[in-house]
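Chain and residue survey
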Amino acid sequence: MAALLKASNITMQFGGLKAVDNVDMEIQPGEIHALIGPNGAGKTTFFNVVSGIYSPTSGSVIFDGEEITKLKAYQVTAKGITRTFQNILLFENMSIVENVMVGGHTRTDSGLVGSLLRTGKSRRAERECYENAMKTLAFVGMEELADQSASGLPYGKKRILEIARALASHPKIIMLDEPAAGMNSTESEELSRIIFKIRDAGITVLLVEHDMKFVAGISDMVTVLDHGQKICEGVPQMALNGPRVIEAYLGKEEEEEEA
Amino acid sequence: MKKTAKSTVITLVVLIAVALLAPVVVGLKNNYMINILCSYCYFGILCCSLNLLLGYTGQISMGHAAFMMIGAYTYGILNKFHGVHFLIAALAALAVSFAAGLLLGAACCKLNAIFLAMTTVGFYKAVSTVIINEGWLTGGANGISAIQKWTVFGYKLKNWQFYYIALAVVLLVFLFCYRMVNSKTGRAMRAMCSAPIASSAMGVNNNQLKFLVCGISGALAGLAGVLYAVTNSYLSADMFAKVSVQTLTMTVVGGMGTLWGPLFGTLAITTLPELLRPFADHLDGIYGVVIILTVIFMPNGIYGFVRRMVQKASAKAKAKKAQPANAAGKKGE
Amino acid sequence: MINFLQALISGVVQGSVYALIALGYSVIYSTLKMGHFAQGEFYMVGAFVGCTLFTTWQLPVVAAFAGAALFTSVLMLVLERLAYRPLYSRPAMALMMATMGMQYVVQEIVRNIWGSDVRRSDNVFPDGSIQIGGIVITVQNILIFAICVALMLGLTVFMKRTKTGIAMSAVSMNRKAASLMGVRTPTIIMATYVIAACLAAVAGVMMGPIYSVKYSMGTTFGNKAMTAAVMGGFGSLPGAMLGSIILGVVESMCNLYISTAYKDVFSFIILVVVLFCRPRGILGKKSITKV
C-alpha cells in the first residue's frame, strides 16, 4: 500500500547544529505511528518540518502523492495535515467553541464581503462551521463547555481542546505533540480512547510521546530518534526494547557502573 | 450562536434616539455644538478603525492620524483644488488611505511591538512633513481652506443636516465592525492576535490577514478624515498633531477588543476637553493623569468596568430573589 | 569636502547626545521589557533644572549637572512608584499607555514649576574653537563628545564589571530566575531608572543652551532617540549608541545635501530600510519562540 506521508532524507540544520539528520519516515494510512526519543532528539523539529513551520535544509515530504516540502504552515493544513503543540497554544481570548471553529477555518466557505452583507451563503457557512465545531466537541466529550472561555480550562482539558481544534478541519493526518504530557492516569486513559476513536474515524495519527507505557499501548508503529538521527523503527515490542533505544534513554551500562 | 441580548438592543435604541435628537436639543443653528456632535462621529469611526487593528488583531499603530490625514487631504485636494465631485473625491480618499494601510500591512508582517510602534510614529512624521512642505500639492503651511459643504440635487446641506449623514456613516461603520468581528475573518483576527503560530497551523494566512486588516483600518481612518474635512471646512497638518495619542487613548480607555469600547472611548475622550473648559491650560496634564488612572484602575476600559458593575448588580438581584423564598421557608418552620 | 567633514563632525556630536537618551530607552527596555515613551521628558527636566542652577542661581557647572541628575532621578523614581509599579504584571499595552500619559504629566509638572515661557540658558561650556584644515571644531563640540563617550564607556564598564550591572543583565534575561538567585529586583529596577534619568539629565543640561529650554523640547528629541535605539536594536546598549551616531550623521547629511525640512522623512526612510533588512535592529537579538 502506498504510504500516506513519505518523508525522505529530512535534514534540518540550525547554524552548526543538525537538529534532524537525514531522517526517513513513512506513515501508512490508518495507522497510529509514534515518534519517540530522549529530549532534544529532534522530534518536535521533525513535526515542525512536516507541518510547514520550518523549511528543511534538505529532503522532501510527500503527502498523498503530492510534494509539500516547500509549503507554508497554513497551506499544509489546507492539504489535510493538522497538529497540536507541545506547549499548549490555544486561543485564550476566545471561547471553546470559537477555538474549534478556527480549527475549521480551511473548511469554512465564507468570505469577508459575504459576511459583511450577510448573504445566504455566508450565513449557511457560519452555521455549518458552528455545527461542525459542536460535533467535534461532542466527539471528544466537551460539548457542554462550548461557550466557556478557553483560558479557564484545567490543563488536561486544554490538551483535549487542542486535539478537537485540530480535528475540526477533517484532516487526513493529525500530528499530536506530547498529548499526554502532564496528564494523570485517568486522563491518559481518556486520551487513548479518543486517539482510538480518531483512528476508527479514518484519520491517521502521528504522535510524539515520552510516556512509554502510553506509546506501547496505543501505537501500531514506532520510530525512534536520537540526536537527530533515526536509530530504530518497528512495532512497539521490538522498538521499545531494542538495545540502542534503551541506551539512548538510559545511557550505556558500563558508564553507569563507572559512575 | 450569538444572539443579541435584549438589554443590548434596548441600549442601542436609546443611544440612537439620543443621537438623533441631539441636534434639536442643542439648537439647529448652534454650529459650534453641531460640529462637536460631528466630531463624535468621525472620532468614533477613527476609534473603530484603530480598535480593529489594535484591539482585535494586536497590531500597534501609534501614528494612526496619518491615515486620517491622508484621507482628509486626498479629499480636500481633489474636491477643493481640482473641483472633483464630493462623492468621487470621498471614494478616492478611501482608496488612497486603503493603499496607505497596505503599506502599514507590509510593516506589520515584518516587525512587531516596539519596532512596529516606532515605524508608525516615523510614518506619521514623514507624511506630516511632506504635507507641510509640498505646498504645490497640499497648500503647505496654509492648508486647504473653504472646503465646500455637500450639495445634494442642488440643495446645499446645512451643518445639522450633514450631522445626520455623519451619524448614518458612523452607525454603518459600527455595523461593519460588528459583522466583521463575528465572521470567519474576525475569528481569524482574534486567533492571530492570541497565538499567531497556532492560527497559521489552523490554516489562517497570517500575512494576508494583516494586509487586509491594515488596509481596512486605513480606509476607515481615511473615511473619518473625509468627514473631518467637510465638517471643519479647513485642513492643515498641525490640526492632526494630537490625534494619534487621542485615538490611542480612546481605544484603550473605551475597552480594547470590544465592540462597545470605541463608543465609550470616543464619548469619554471627546467630551473631556469640553468638560474641562475652565482648566484649558492644564488640559494636557489632566489628560495624561486620566490615561494613567484608567489604565491602572480600569484595565478592561470603561466597557469592562460597566460590564463588571452590571454583572455585580445582576448577581445581587439574583441573590435577593432567592432570599424571600428562604424567609418563607423559615417562617414555615 | 570640507562641508562634508564639518557635517560629519556635527552629526557625530549630535548623535552622541542622542545616544545618552537612547541608552536610557534601551537600558529600561533591556531590564524591564518596556518601552519608556516618557524618557525624552526627563531630558527636558534636566535642561530646566540645569538652567535654573547654572543660569538663574549662578552655581558652578558641576553643581548644575549633579543637581539635574539628582532631581531627575528622584522625580522618575516617584513617578515610577505611582504609575508604573502597579502595571508591571499587566499586558504590555497598559504600561505603554501609562508611559505615554506620563509624557503629558511631566510636561504639566514642569509648566507648573517653571511656567510656559522659553528660557535662555547660559552656555555650560567655554567658548572657543580649533581649526584643522578648513574645519572648525568648537570646544563645545569636543567637550560634549567627550562627556558622552565617557558616560557610554562608564555605563559599559558598569554593566559588565559591577555587581549591580551584572544583576541587571540577569534580570533582563530572566527576572524570576534572577530573583530566585538572590537578586533584589526592586533595587535593580531602581538602578535602571536612575541610570536612565541621569543620562537624560546630563544630556538636557548640555543641550539646553543650544536648543533653548522649553517644555516641548523633550518630545521631539525623545522621539529621535527612541528611533535611534530601535534602529540599533532596542535593548542592546551598543546598538543604542550605534543607532544614535548613525541617526545623527544621517540627519546632518540630510541637512547639508537635501533639505532641513526633510530630515524626519529621511530618518524614517533609513529606519524602514534598516528594519526591513534586520527586523530587530542592527544589533538586536533574535528571539526564538519554542513551538
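These lines cover the structure that appears in this document, whether it is placed above or below. (Residues numbered from 1 in each chain as written. Chains lettered and ligands numbered in written order. Predicted model: local features only at pLDDT ≥ 70, side-chain atom pairs only at ≥ 80, totals over all residues. Heavy atoms only, no water.)

Residue and element names in this part refer to chain A. Across the sheet, four strands lie side by side as β2-β1-β4-β5; this open sheet has antiparallel pairing. Only two strands of the sheet have a single partner each, and these edge strands are β2 (17-27) and β5 (66-67). Inspection of the sheet shows strand β1 (residues 5-14) paired to β2 by seven bridges, in the antiparallel sense. Bridge pairing in β2 links L5 to I27. (Pairing = 2+ DSSP bridges. Helix = DSSP H or I, 4+ residues; strand = E, 2+ residues; numbered from the N terminus.)

Bringing the interface of chain B and chain C into the picture now. Listed as interface residues are 40 residues of chain B and, on the opposing side, 39 residues of chain C. Carbon and sulfur atoms make up 77% of the surface buried where chain B meets chain C, a total of about 3400 Å² over both sides. It is B:I114, B:F115 and B:M118 that lose the most area in chain B upon contact with chain C, and together they represent 19% of the buried surface on that side. Our count for the chain B to chain C interface comes out at one salt bridge. A salt bridge links C:D264 to B:K125; the nearest nitrogen and oxygen atoms lie 3.8 Å apart. Between chain B and chain C we count five residue pairs in polar contact (both at pLDDT 80 or more) in total. For the side of chain B that touches chain C, the secondary structure elements donating two or more residues are α4 (86-110), α5 (113-133), α11 (243-254) and α13 (283-297) of chain B. Residue contributions to the side of chain B that touches chain C peak at 12 residues, all from α5(B). Here the side of chain B that touches chain C is composed, by residue class, of 25 nonpolar, nine polar and six charged. (Contact = heavy atoms within 4.5 Å. Buried area = accessible area lost by both parts, 1.4 Å probe. Salt bridge = Lys/Arg side-chain N within 4 Å of Asp/Glu carboxyl O. Polar contact = N/O pair within 3.5 Å; in protein donor to acceptor, adjacent residues only side chain to side chain. Nonpolar A, V, L, I, M, F, W, Y, C, P; charged D, E, K, R; others polar.)

On to the environment of C:V149. Tracing the sequence through the fold places C:V149 in helix α5 (residues 139-161). Distance from C:V149 to C:L20, taken between C-alpha atoms, is 9.3 Å for residues 129 residues apart in sequence.

Our focus in this paragraph is the pattern of salt bridges. Inspection of the entire model under this criterion finds 16 salt bridges over all chains. Of the charged contacts, one joins A:K230 and A:E233 as a salt bridge, the two residues approaching to 3.2 Å between their closest N and O atoms. Judged by relative accessible area, which is 30%, A:K230 ranks as partly exposed. Salt-bridge contacts for C:R111 lead to C:E108; the nearest nitrogen and oxygen are separated by 3.0 Å. Of this pair, C:R111 and C:E108 both sit in helix α4 (residues 92-114), three residues apart, roughly one helical turn. For C:E108, a relative accessible area of 10% gives the class buried. (Buried < 20%, exposed > 50% of the residue type's maximum accessible area, 1.4 Å probe, protein only.)

All names here are of chain A. Unusually for a residue other than glycine, N9 sits at a positive phi of about 50°. The phi dihedral of D64 falls on the positive side, at around 55°, and the residue is not glycine. Within the secondary structure layout, D64 lies in the loop between β4 (58-63) and β5.

At the interface, 26 residues of chain B touch 30 residues of chain A. Carbon and sulfur atoms supply 66% of the area buried between chain B and chain A, which totals about 2600 Å² over both sides. Linking chain B with chain A are two salt bridges. Connecting chain B to chain A are 10 residue pairs in polar contact (both at pLDDT 80 or more). Broken down by element, the side of chain B that touches chain A gets its largest block of residues, seven residues, from helix α8 (residues 184-194) of chain B. Residue composition of the side of chain B that touches chain A, by class: 13 nonpolar, eight polar and five charged.

In short, geometric facts, not functional conclusions.
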